[in-house]
Amino acid sequence: DTAVSQTPKYLVTQMGNDKSIKCEQNLGHDTMYWYKQDSKKFLKIMFSYNNKELIINETVPNRFSPKSPDKAHLNLHINSLELGDSAVYFCASSETLGQGAGYTFGSGTRLTVV
Amino acid sequence: GENVEQHPSTLSVQEGDSAVIKCTYSDSASNYFPWYKQELGKRPQLIIDIRSNVGEKKDQRIAVTLNKTAKHFSLHITETQPEDSAVYFCAASLYGNKLVFGAGTILRVKS
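Residues numbered from 1 in each chain as written. Chains lettered and ligands numbered in written order. Predicted model: local features only at pLDDT ≥ 70, side-chain atom pairs only at ≥ 80, totals over all residues. Heavy atoms only, no water.

Caption draft 1: Quick look at the interface of chain A and chain B. Across the contact, 23 residues belong to chain A and 17 residues belong to chain B. Counting the surface lost from both chain A and chain B, the interface buries some 1,700 Å², and carbon and sulfur atoms represent 56% of this. Taken together, the connections running from chain A to chain B amount to one salt bridge. Put simply, Glu58 of chain A and Lys98 of chain B hold a salt bridge, and the shortest N to O gap is 3.1 Å. Going through the elements one at a time, strand S4 (31-37) and strand S5 (43-50) of chain A are the ones with two or more residues in the side of chain A that touches chain B. Per-element accounting of the side of chain A that touches chain B gives the leading share, three residues, to S4 of chain A. (Contact = heavy atoms within 4.5 Å. Buried area = accessible area lost by both parts, 1.4 Å probe. Salt bridge = Lys/Arg side-chain N within 4 Å of Asp/Glu carboxyl O. Helix = DSSP H or I, 4+ residues; strand = E, 2+ residues; numbered from the N terminus.)

The structure is reproduced here in structure tokens:
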């Protein structure tokens, strides 16, 4: 019974295409995140939602658009994909904002843009 | 904003030895410091965390220490085993919002 699940696990696509990654958590957490892990393993936050509201939007190109239909789901849509978007994208969730709890990460989506 | 530096970038130890990874943070308001372990091709997993009102925390073979004055914290792994080989990340945040991660340490335990 996976706590944070992402689909797809692998995504290979051509430059210029539009793609989406889906994330769902069954932990009852209020806050969800998208992180990007580059080829050097560096983990950088992209977005954070608390109870469906966007609370963190880092300096990410506006080709990236998150959507949270409810607090258990956070999807990431990417338009006009570029080679530099190739990375592993992790979804994560945590308990109520401000409680100082660790994140639970999904298994990641490896995006390869060719 | 917060900035976290992590050292060393790679660490090789013999099985049974201890390993220490150090991190420094820049924002004195940060009060939550977790450590994550990421095995090859897997997700980062929380292994231990510490809050700013505590100086040290231990869980079996792993321990974390925090020096708020110097703004640094460290992960200590004793009696290392081959299964400890992984990438370890430190992170810092205010109350767990927006975790800022260090660049990671590749730990290799040689048997």
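Here the narrative resumes, following the displayed structure.
Caption draft 2: Local environment of the packing of aromatic side chains. For the structure shown, the criterion picks out 16 aromatic pairs over all chains. What links up through ring pairs into an aromatic cluster is the set Tyr33, Tyr35, Phe90, Tyr103 and Phe105 of chain A together with Tyr36, Phe89 and Phe101 of chain B. (Phe/Tyr/Trp six-rings, centres within 6.5 Å; stacked < 30°, edge-to-face > 60°.)

Caption draft 3: Region of interest: the sheet that holds strand S1 (residues 4-7) of chain B. All names here are of chain B. Taken in spatial order, the five strands line up as S1-S3-S8-S7-S6 in an open sheet, and their pairing is antiparallel. Every interior strand has two partners, whereas the edge strands, S1 and strand S6 (56-59), have only one. Between one strand and the next, the sheet's axes are offset by a mean angle of 15 degrees, whatever the strand orientation. (Pairing = 2+ DSSP bridges. Axes fitted to C-alpha atoms, helices over the stretch in contact; angles between N-to-C directions.)

Caption draft 4: Broad picture of the state of the cysteines. All names here are of chain B. Summed over all chains, the structure comprises two disulfides over all chains. The disulfide that involves Cys23 links it to Cys90, with 1.9 Å between the sulfurs. Between Cys23 and Cys90, the S-S torsion sits near -100 degrees, and that sign places the bridge as left-handed. Here Cys90 lies in strand S9 (residues 86-94) and Cys23 lies in strand S3 (residues 19-25), a separation of 67 residues in the sequence. Cys23 gets classed as buried once you look at its relative accessible area, which sits at 1%. (Disulfide = S-S within 2.5 Å. Buried < 20%, exposed > 50% of the residue type's maximum accessible area, 1.4 Å probe, protein only.)

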